[in-house]
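These are the residues of each chain, in order.
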There are 2 protein chains.
Amino acid sequence: MTISRYLEYALCRRDTLSELERAILRDIPVHPASYRDGDVIIRQGAAPEQSCLLVKGMATREHRFKDRARITSALHIPGDFVDLHAFLLTEIDHDVMALGDCNVEFVDRAVLEQISRENPHLIRLLWLHTLIDAKLHRVWIATRARLNAFERIGHLMCELHARLSVVGLVENDAFSCPFDQRKLGGILGYSTVHMNRAVQKFRACHLLEWSRGRVRLLDPDRLAALVGFDPEYLELTPARR
Amino acid sequence: MTISRYLEYALCRRDTLSELERAILRDIPVHPASYRDGDVIIRQGAAPEQSCLLVKGMATREHRFKDRARITSALHIPGDFVDLHAFLLTEIDHDVMALGDCNVEFVDRAVLEQISRENPHLIRLLWLHTLIDAKLHRVWIATRARLNAFERIGHLMCELHARLSVVGLVENDAFSCPFDQRKLGGILGYSTVHMNRAVQKFRACHLLEWSRGRVRLLDPDRLAALVGFDPEYLELTPARR
DNA sequence: CGGCGCGATTAACAAATGTTAATCAAAACC
DNA sequence: GGTTTTGATTAACATTTGTTAATCGCGCCG
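Residues numbered from 1 in each chain as written. Chains lettered and ligands numbered in written order. Predicted model: local features only at pLDDT ≥ 70, side-chain atom pairs only at ≥ 80, totals over all residues.

Enquirer: Residues and numbers for the sheet that holds strand S9 (residues 208-211) of chain A, please.
Expert: Residue and element names in this part refer to chain A. Strand order in the open sheet made by the three strands is S8-S10-S9, with antiparallel pairing throughout. Only two strands of the sheet have a single neighbouring strand rather than two, namely strand S8 (174-176) and S9. Taking each pair of neighbouring strands and ignoring which way they run, the sheet shows an average axis angle of 15°. Relative to strand S10 (residues 214-217), S8 runs antiparallel, the two sharing three bridges. Of the residues in S10, the one forming a bridge with serine 176 is arginine 214. (Pairing = 2+ DSSP bridges. Helix = DSSP H or I, 4+ residues; strand = E, 2+ residues; numbered from the N terminus. Axes fitted to C-alpha atoms, helices over the stretch in contact; angles between N-to-C directions.)

Following this line, the structure appears as structure tokens:
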């Protein structure tokens, strides 16, 4: 089986590729797999022999500590390579866990290694992807330092709205959010109770609707302004690199 | 002028390079520059035409917001490339600012471009460096979510101790910290007053000394255990990549 | 229909952190 | 030596967030 069309979304969106390069990408062999909510897709520890492309659902990166605490450092959506970072590192520093049911495709590291030796431009493309991930990390750091619970929820929803739009998963400003208030608290680093306080505030101000796993932004622009969301950091515009 | 010997620290530490590769690195031409405390080395906005290697002092990455708030997302020490991330991105999302006086060396992007076209192994080395930066970002996210003010200070000092050791800037568990309590608060995301509360706690428990810009860890192992510091994430051990 | 279970909600209280402003202490300056 | 400056410290109070536990509401299942 060869790689799904999500790779086109994932990799071709932000650069200009030759037909040959696209063909190389399309011919990458993959191994599909499915997971249920809460499953560990990639385990913290030694770097895996495969890289994992998310094609359906969502996944989190969760750092696991000795005291069993789990901290989420990133949220992934279809089209994301969830562990490309491990490509050159000796250990992966976090679990990747299914957030709701999800489908993935594994690519052997050896294949990426070969591409990376033979096609400098395509390595740059993979590198670019990890750079965008890093940019997202920095935005999370800044967002968490600046915003309170209410605002962080708004910022996250703006971010999901923008990222999911790119892969065609937003309809009328509504998209699927396969998690409940407890899990949202886990993602944003808040207690369940406090998440509930903030969610109710959102309902009161008519900026978003959230029920049965589906979120709709009622006024994306006003929400973005309120929480200082600037989609620039998602690097969604194509360029020649 | 060619690149300082810090590049050897910076780039060769974590991989096995051929003599030819080392020679390529040594011959990279650089432009040196100096900055005073608070100077902007690289300004948020369009990606610069040069990449900046820090050779002396410290620098922060600071995200600047419309309301003038500044949030620090990373702290750099000698041997770090502070803006390699901008290499493939269209915009740099933060300022890089001198934290105390510091010296840097600029490398033209064009030179890196050329190396990246001609020598896949050296690109991987640069890529690796940005991956380690990203790992540090994730650790910061996790650290800030897990630890309180007192513990965050301890964690930062463990991290600096480990990173500065690599470049030979630690003597008897003591190293230079060119900042005061207010700036520490800025780096960790706390108010000055709260930093002071935490710093005093540290004095009381005899885990570190901090005065006149110099920090000494009195019991590095106990401190590391207390704050859950695990140097693995710094990827300090060499490997073949 | 009726009970069960799970997520949402509420309440009451505790802990961490922010804000403002005043004071202190030591270094820097003249 | 006296003054100024800067950073450290303290106090008092406000806000945000966490913790625990009880309750509610609704869908699901027997």
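Enquirer: Go over the protein's contact with DNA strand D with me, naming the residues and quoting the values.
Expert: Surrounding DNA strand D, one finds 14 residues, the nearest of these being Asn148, Val193 and His194 of chain A together with Asp180 and Gln181 of chain B. Here the surface near DNA strand D takes five residues from helix H7 (residues 192-204) of chain B, the largest share from any one element. Its residues assigned to classes, the surface near DNA strand D comprises five nonpolar, seven polar and two charged. (Near = placed C-beta within 6 Å. Nonpolar A, V, L, I, M, F, W, Y, C, P; charged D, E, K, R; others polar.)

Enquirer: Outline the relation of the copies chain A and chain B, supporting the account with residue identities and numerical values.
Expert: Note: a rotation about an axis with an accompanying shift along it relates these two copies of the chain. Rotating chain A by 180° and moving it 0.0 Å along the rotation axis overlays it on chain B with an RMSD of 0.0 Å. Interpreted geometrically, this transformation is the action of a two-fold axis. Every residue of chain A has its C-alpha some distance from the rotation axis, and the shortest such distance is that of alanine 134 of chain A, at 2.5 Å. Taken as a fraction of all interface residues of chain A, those also at the interface in chain B reach 100%, which identifies the copy contact as same-surface. (Least-squares fit on C-alpha atoms with pLDDT ≥ 70 in both. Contact = placed C-beta atoms within 7 Å.)

Enquirer: Explain the sheet that holds strand S10 (residues 214-217) of chain B to me, using residue names and the numbers behind them.
Expert: Within a sheet, each strand pairs with its neighbour through backbone hydrogen bonds, oriented either parallel or antiparallel. All names here are of chain B. The sheet built from three strands is open, its strands ordered S8-S10-S9 with antiparallel pairing. The open sheet has two edge strands, strand S8 (174-176) and strand S9 (208-211), and neither has a second partner. On average, each strand axis in the sheet is tilted by 15° relative to the strand beside it, whichever way the strands run.

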